[in-house]
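# Observations on the model geometry
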Amino acid sequence: MKIIKLKSNGLGRYDDVSPFIITDNKLEIKVELPNYNGEFYLVTENNGKSDKRLLPRNGTVTLERLTAGELNAAVKHYLKGALIREYKVEPLLLKEVDGNLSTLPEIEALTRRICGLECAFKEYTESTEEREKTRETTFNKRLDEARVTLSALLRFAYDDFKNNVYLGGGSEKDFNAKYGLDYGKGENEND
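Being a predicted model, the structure only gives us computed values, none of them experimental. (Residues numbered from 1 in each chain as written. Predicted model: local features only at pLDDT ≥ 70, side-chain atom pairs only at ≥ 80, totals over all residues. Heavy atoms only, no water.)

Broken down by element type, the chain carries 3 helices and 10 strands. Seen in sequence order, the chain has helices and strands lined up from the N terminus as β-β-β-β-β-β-β-β-β-β-α-α-α. Going through the 191 residues of the chain one by one, you find that 24% of them count as buried. Within the chain, counting contacts between residues at least 6 apart in sequence, those at least 24 apart form 53% of the total. When the accessible surface of the chain is totalled, it reaches about 13500 Å², and 52% of it is carbon and sulfur. (Helix = DSSP H or I, 4+ residues; strand = E, 2+ residues; numbered from the N terminus. Buried < 20%, exposed > 50% of the residue type's maximum accessible area, 1.4 Å probe, protein only. Contact = heavy atoms within 4.5 Å. Areas by Shrake-Rupley, 256 points an atom, 1.4 Å probe, with all protein chains shown as cover.)

Turning to the pattern of salt bridges, a few remarks are in order. Tallying each qualifying case throughout the model produces 5 salt bridges. Close ionic contact of Arg13 with Glu90 constitutes a salt bridge, the shortest N to O distance being 3.8 Å. A residue pair is termed long-range when its members are at least 10 positions apart, and Arg13 in strand E2 (residues 11-14) and Glu90 in strand E9 (residues 82-97) qualify at 77 residues. By relative accessible area, Arg13 is classed as partly exposed at 35%. A salt bridge links Glu86 to Lys88; the shortest N-O distance between them is 3.4 Å. (Salt bridge = Lys/Arg side-chain N within 4 Å of Asp/Glu carboxyl O.)

Summarising the sheet, strand E5 (residues 39-46) and strand E6 (residues 49-54) pair through 6 bridges and their orientation is antiparallel. Looking at the pairing, Glu45 lines up with Ser50 of E6. (Pairing = 2+ DSSP bridges.)

This part is about the confidence of the model for the chain. Chain-level pLDDT for the chain is 83 on average; 84% of the residues reach the 70-or-more range. Here helix H3 (residues 183-190) is the element of the chain with the lowest mean pLDDT, 51, and E5 is the one with the highest, 93. Ignoring residues within four places in sequence, the model shows residues 186-191, a span with pLDDT below 50, making 0 contacts including any to other chains. (pLDDT = per-residue confidence, 0-100.)

With that settled, the discussion passes to the packing of aromatic side chains. Scanning the entire structure with this criterion turns up 3 aromatic pairs. When the ring of Tyr158 is compared with that of Phe175, the centres are 5.6 Å apart and the planes differ by 75°; the resulting orientation is edge-to-face. Here Tyr158, found in helix H1 (residues 107-163), pairs with Phe175, found in helix H2 (residues 172-178); they are 17 residues apart in sequence, far enough to count as distant. Taken together, a centroid distance of 5.3 Å and an interplanar angle of 55° make the contact between Phe161 and Phe175 tilted. Of the two residues, Phe161 sits in helix H1 while Phe175 sits in helix H2, which places them 14 residues apart along the sequence. Neither residue differs from the other here; Phe161 and Phe175 are each classed as buried. (Phe/Tyr/Trp six-rings, centres within 6.5 Å; stacked < 30°, edge-to-face > 60°.)

Our next topic: a negative patch on the surface. Judged by side-chain charge, Glu123, Glu126, Glu129 and Glu130 come together as a negatively charged surface patch. Inspection of the secondary structure puts Glu130 in helix H1. (Patch = residues over 30% accessible without salt bridge, like charges linked within 9 Å, V, L, I, M, F, W, Y side chains within 5 Å. Lys, Arg positive; Asp, Glu negative; His and termini not counted. Charge placed at Lys NZ, Arg CZ, Asp CG, Glu CD.)

As structure tokens, then:
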């Protein structure tokens, strides 16, 4: 027997989500009904076949002619013919095992969600790796462009230093010393 507990947030949950075997394609369900006036109906759908049953006050009903697939259910509370509240019950997965059916509530949905999360994580990882490669390639390309530009600028500055009468001219050593470009000397001083 499966027991459905109705929650105040409008959901119905099975008391035990572990698999079990159903014999003769029947399932006995007990719905823990609240102490409200009115009638409660159990509305089920199994592979396109719908069924609506009035629940007795003890809440026990037997579903028959179930087939492998998903069993969707809802408990509806009516008072004087007006729908007061509907409790959506978690789906129950029915599987055939040696001619009988076994039920796995929520497991199929969780399996689908896990597969979806695995695929999303794999895509995210691949896209992250691609972005990192693109970022590294772009960084290296810009660094090379900066080196070429800086080298050209220094060549231009040295040529101007050497040929400009107002700067006094001189050798490459003089240029490096005057403008603080003697890298080797600066590194040795810091050691």
